[in-house]
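Read off the chains here:
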Amino acid sequence: MRKVLFLSHYFYPEVNAPSRRTYENAVKWVTNGSEVTIITNHPNHPQGKLYEGYKNRWISRERIDGINVIRVKTYLTANRGIVRRAVNFLLYMVMAVFASIRVKNIDVVIATSPQFFCGFAGTIIKKIKRVQFILEIRDLWPDSIIAVGTLKEGILIRVLRYMEKYMYFSADKIVTLTDTFKEHIKKTGYPVNKITTIPNSFDLDNFESDDEICSNIRSSKFICSYIGTFGMAHDLEVVLEAAKYLKDIRDIHFLLIGDGSEKAKIVEKLKEMNLENVTILPLQPKERIIGFYRISDIGLIMLKDSTLFSSVIPSKMFEYMAVKSPVIMSMPRGEATAIVERHDCGVLCEPGSPVKLAESISDLYNSPEKLKKYGSNGYKAVMEKYNRETLASKYLDLIEAG
C-alpha cells in the first residue's frame, strides 16, 4: 500500500476540472488500497466565497470517501485579477509546505500545476520529506498566462520560466495531460523516459443526476450548451454572436453554465443583445451537472485561436462524449481536435468565427443521423479509452513503480 500526499489548489466540493480529476483519481486509488492525503484550500472557487459549512481556519481536516483532506488557510479572492490571485497562490504554497510537516510516513508527493506555485510547493516538500516527487502538468505556465494577455514577456516572465525549469528538474517523474506538453518539457532537456502522458477522462460511475431540474430548460428545444469556465481564453462572445445569427430558428436554444473572470462581461453583453434564445446559469454542483450534459444535443468546446491552445485537451469534451452528445470544437487544431477526428464524434469549427459556429450548429440541427452517429462514436471512445477507471489504474501503477 502506497501512502500518497497530493497537493491540489482545488478540490471537492469545487467542480472545476482539476478538482474533479484529483478527486476521482484519489477515490480510485483508495479503493485499490492506497492511503491518500490531499492538501488543498478551503473551497471558494471561483467567486472567492467560502462554501456553506466551511470556516477559513489555519488548518482543517475532513475525510471524504476514504480520502484524508487537509484544508489550509486561504486568501479568499475571486478568480480574476493578477495581484490578489498571486497572493492566493503564494499563500497556498507556504501553507501546503507547513501542513505537510504534520503528514507522517508518506511514500510519494504529487503536485498538480497549475496553479504554478502548487507545483513549486512539491519541490520543497520533496526536500523536506526526502521522498519521490511526481509533478503533474495540466497547463503550460507561464505560456498560458501570456497567451490570454495576463502578462507580457519581461523580467517577471523570465523569472517564472526559470522556476518552471527548476520545478521540472526537481521531479522524479512528470505526468502530462497531453503529448504536446510532453514535447514542451522534453525541449528543456528533462529525460523523456520519465514523462508519462495520462489524459483527462470521464468517471463512468458518475452518471447519477437529478434530471428533473433540467426539464424546464429542455422543453422541446434543441440545446447547444457550453459548460465550464467563463475565462479570457474561451471566446464566449462568439457563442452570443452565433446565437444572434440563429435567433429566428426558435427550436435552437443556447445554454451557458459556469463562472469565471469574464462572466459579468458575457452577462452584460447578452443584455445588450437582448437575445431570447440564450440562457446563462451559475456554476452547478456536482450532483446536478450531469443532468445538464444529458439534455445537451450539442456540446460547445470554445478556445481562442492561439497556438498554445492547440496543445490542450479540454476535460469537458469527455463529459459530452460520455452522454452521447456530439461536440463542436471551436478551437485551434491540435490534440483535442485530433481525438474528435479519430473517433468521428463531432465537428471542427474555425475558432473566432460566429458565422462558422452558427453554420456548424445549423448543419447538425438539420442532420439527426449525424447527431446519432457522432454521439454513439463518442460514447464508445470514452468506454474504451478515456474512462477514469483505466487511467487512474495507469497512474497508480506509475506511483507504485517508485
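Residues numbered from 1 in each chain as written. Predicted model: local features only at pLDDT ≥ 70, side-chain atom pairs only at ≥ 80, totals over all residues. Heavy atoms only, no water.

Peer 1: Can you help me understand a nonpolar patch on the surface in this one?
Peer 2: Taken together, the side chains of Phe98, Ile101, Ile124 and Ile128 present a nonpolar region at the surface, about 330 Å² in accessible area. Exposure remark for Phe98: the relative accessible area of 41% places this residue in the partly exposed category. (Patch = residues over 30% accessible without salt bridge, like charges linked within 9 Å, V, L, I, M, F, W, Y side chains within 5 Å. Areas by Shrake-Rupley, 256 points an atom, 1.4 Å probe, with all protein chains shown as cover. Salt bridge = Lys/Arg side-chain N within 4 Å of Asp/Glu carboxyl O. Buried < 20%, exposed > 50% of the residue type's maximum accessible area, 1.4 Å probe, protein only.)

Peer 1: In this structure, what is going on with the sheet that holds strand β13 (residues 327–330)? I would like to understand it.
Peer 2: Adjacent strands of a sheet form backbone hydrogen bonds with each other and so pair up, either parallel or antiparallel. The strand order β11-β10-β9-β12-β13-β14 describes an open sheet built from six strands, whose pairing is parallel. Taken across any chain shown, the strands that pair with only one partner, and hence form the sheet edges, are β11 (278–281) and β14 (346–349). Across the sheet, the axes of successive neighbouring strands diverge by a mean angle of 20°, strand direction being ignored. Here strand β10 (residues 252–259) pairs with β11 via four bridges, running parallel. (Pairing = 2+ DSSP bridges. Helix = DSSP H or I, 4+ residues; strand = E, 2+ residues; numbered from the N terminus. Axes fitted to C-alpha atoms, helices over the stretch in contact; angles between N-to-C directions.)

Peer 1: Teacher, can you tell me more about the sheet that holds strand β2 (residues 35–41) here?
Peer 2: As summarised here, the arrangement of the eight strands in space is β3-β4-β2-β1-β5-β6-β7-β8, forming an open sheet in which the pairing is mixed. Edge strands, defined here as strands with exactly one partner in the open sheet, are β3 (59–64) and β8 (195–197). Across this sheet, the average inter-strand angle for adjacent strands is 20°, counted without regard to direction. Across five bridges, the pairing between β2 and strand β4 (residues 67–72) is parallel. Across the sheet, residue Asn41 finds its bridge partner in β4, namely Val72. Sheet strands in contact with helix α1 (residues 17–31) are β1 (3–7), β2, β3, β4, β5 (108–113), β6 (132–137) and β7 (173–176), and its direction is about 160° off that of β2. (Contact = heavy atoms within 4.5 Å.)

Peer 1: Can you walk me through helix α2 (residues 83–100) in this structure?
Peer 2: The periodicity of an α-helix, 3.6 residues per turn, causes residues three or four places apart in sequence to face the same way. End to end, α2 covers 26 Å across 18 residues, agreeing with the expected 26 Å (1.5 Å per residue, within 8%). Considering only its buried residues, α2 is in contact with β1, β2, β3, β4 and α3 (116–129). (Expected span 1.5 Å × (residues − 1).)

Peer 1: Help me understand the pairing of β1 in this model?
Peer 2: Looking down a regular strand, the side chains alternate between one sheet face and the other. Of all five residues in β1, four are buried; the element is thus mostly enclosed. Pairing analysis gives five bridges linking β1 to β2, with the strands arranged parallel. For Leu7, the partnering residue across the bridge sits in β2 and is Ile39. Crossover connection from β1 via α1 to parallel β2: handedness right-handed. Two elements, β1 and β5, share four bridges in a ladder whose sense is parallel. (Right-handed = clockwise from strand over helix to strand, strands pointing away.)

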